[in-house]
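Reading the structure
The residues making up each chain are set out below.
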Amino acid sequence: MPEITKGCIDMTNASSTYLSIVLGAIVGGLITWWVYKIQKNTTAKQDETLRRINDIEESHDRVLKSIQHSQQHQETILKKILSLEKKMDAIAEPHKPS
């Protein structure tokens, strides 16, 4: 390789090719590392978002079950109140003045 000597003014085609390959590999490696880093960060953010969504879904399910339980309890109480009202009407019916 005559390019290594002090008096070299021009590169040979082979040396130019090797230098281009080395520089291309370095630039390609840097770009690949940069894309990998971006994708890794994006994946981490997506995983965190999915975890939060799952937590919210679980919380939502607990709230819905609580509301359902409350509604069932209210329906039971309403049925008892209506039953009591019917009993009171049945008791009061014979005592009504005509």
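This is a predicted model, so every value here is computed, not measured. (Residues numbered from 1 in each chain as written. Predicted model: local features only at pLDDT ≥ 70, side-chain atom pairs only at ≥ 80, totals over all residues. Heavy atoms only, no water.)

**Description of the pattern of salt bridges**
Under the criterion given, the structure shown has three salt bridges. Measuring nitrogen to oxygen at the nearest pair gives 2.5 Å for the salt bridge that ties Glu-48 to Arg-51. Taken together, the residues Glu-48 and Arg-51, both in helix α1 (residues 13-92) and three residues apart, mark about one turn of the helix. According to the relative accessible area criterion, Glu-48 is partly exposed, its value standing at 30%. Arg-51 sits in the partly exposed class, given a relative accessible area of 40%. The shortest N-O distance in the salt bridge between Arg-52 and Glu-48 comes to 3.3 Å. One end of the pair, Arg-52, and the other, Glu-48, are both in helix α1, four residues apart, so they sit about a helical turn from each other. The class of Arg-52 is exposed, set by a relative accessible area of 51%. (Salt bridge = Lys/Arg side-chain N within 4 Å of Asp/Glu carboxyl O. Helix = DSSP H or I, 4+ residues; strand = E, 2+ residues; numbered from the N terminus. Buried < 20%, exposed > 50% of the residue type's maximum accessible area, 1.4 Å probe, protein only.)

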